[in-house]
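Descriptive analysis of the structure
Here is how the chains run, residue by residue.
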Amino acid sequence: MPLSEHEQRMLEQMERALYAEDPKFATALEGSGLRTYTRRRVYQAIAGFLVGIALLMAGMVAQWIWISVVGFLVMLGCAVLVVTGWRKAPRGGSPRGAAGAPGRRGPARQRRSMMDRIEQRWQRRRDEQGR
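These numbers come from a predicted model, not from an experiment. (Residues numbered from 1 in each chain as written. Predicted model: local features only at pLDDT ≥ 70, side-chain atom pairs only at ≥ 80, totals over all residues. Heavy atoms only, no water.)

Quick look at the pattern of salt bridges now. Under the criterion given, the structure shown has 1 salt bridge. Between E12 and R16 there is a salt bridge, and its shortest N-O distance comes to 3.8 Å. One end of the pair is E12 and the other is R16, both in helix α1 (residues 5-21) and 4 residues apart, which spans about a single turn. (Salt bridge = Lys/Arg side-chain N within 4 Å of Asp/Glu carboxyl O. Helix = DSSP H or I, 4+ residues; strand = E, 2+ residues; numbered from the N terminus.)

Take a look at the structure:
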């Protein structure tokens, strides 16, 4: 179920507030590290799948059934890792979009000024509710 426009704005405000309060924690949650980890795991599983094929073939050529069974099990396990890794992989692009990515100087300045405005609004709302 997609979020409504109001819910998306609220989520973006919370993300920006989190980024303003603890940038290190926010960048850890952004997902780029998770995406890299997942991609690396999928590539390792593909390499393991190829090793499993090699073991299966070697067992058939040498007529050692147990090597073929081990190769098949390696292939099966790696195939499961590839499929689950591919499904769990985060989609490209962050909710803030490419322009809001940290490390780019122009949008970072713009985001800071926008962050200041959002923080001011947030403080105003908290002050109004506190009264």
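Next comes the rest of the description.
Glancing now at empty space enclosed by the protein. Taken as a whole, this structure holds 1 cavity of 30 Å³ or more when the rule is applied. Each pocket or cavity is described by its volume, and for the largest cavity that value is around 30 Å³. As for the largest cavity, its lining consists of Q13, I118, R121, W122 and R125. Here the lining of the largest cavity takes 4 residues from helix α5 (residues 105-130), the largest share from any one element. Across the lining of the largest cavity, the residue classes tally to 2 nonpolar, 1 polar and 2 charged. (1 Å grid on protein atoms, 1.4 Å probe; cavity = no way out; pocket = protein on both sides within 12 Å on 5 of 7 lines; lining within 4 Å. Points joined across faces, edges and corners; volume = space filled by probe spheres on them. Nonpolar A, V, L, I, M, F, W, Y, C, P; charged D, E, K, R; others polar.)

Another point: a positive patch on the surface. Taken together, the side chains of R117, R121, R124 and R125 define a basic patch exposed on the protein surface. Note that R125 resides in helix α5. (Patch = residues over 30% accessible without salt bridge, like charges linked within 9 Å, V, L, I, M, F, W, Y side chains within 5 Å. Areas by Shrake-Rupley, 256 points an atom, 1.4 Å probe, with all protein chains shown as cover. Lys, Arg positive; Asp, Glu negative; His and termini not counted. Charge placed at Lys NZ, Arg CZ, Asp CG, Glu CD.)

So, about the UniProt feature "transmembrane region" (unreviewed entry) in the chain. Residues annotated by UniProt as "transmembrane region" (unreviewed entry) correspond here to residues 42-58 and 64-86. Note that residues 42-58 is 100% helix and 0% strand, and that its end C-alpha atoms are spaced 24 Å apart. (UniProt positions renumbered as here; feature names shortened; annotations may be inferred.)

This part covers the packing of aromatic side chains. Across all of its chains, the model carries 1 aromatic pair by this definition. An angle of 15° between the planes, with centres 6.4 Å apart, marks the rings of W64 and W66 as stacked. Note on W64: relative accessible area 47%, which makes it partly exposed. You can call W66 exposed: its relative accessible area is 60%. (Phe/Tyr/Trp six-rings, centres within 6.5 Å; stacked < 30°, edge-to-face > 60°. Buried < 20%, exposed > 50% of the residue type's maximum accessible area, 1.4 Å probe, protein only.)

Between the first and last C-alpha of α1 there are 24 Å, a value that for 17 residues agrees with the 24 Å anticipated at 1.5 Å per step. Those residues of α1 that sit buried are Q13, R16 and Y19. Each buried residue of α1 sits inside an arc of 125° when the element is viewed along its axis, so together they form one side. (Expected span 1.5 Å × (residues − 1). Arc of directions from axis to C-beta.)

Taken as a whole, the chain shows an average pLDDT of 76; of its residues, 70% reach a score of 70 or greater. The least confident element of the chain, judged by mean pLDDT, is helix α2 (residues 23-29) at 70; the most confident is helix α4 (residues 65-88) at 86. Every residue in residues 93-106 is under pLDDT 50, and counting partners more than four places away or in other chains gives 16 contacts. (pLDDT = per-residue confidence, 0-100. Contact = heavy atoms within 4.5 Å.)

Located in the positive-phi region is Q63, a residue other than glycine, with phi close to 60°. Position of Q63 among the secondary structure elements: in the loop between α3 (32-62) and α4.

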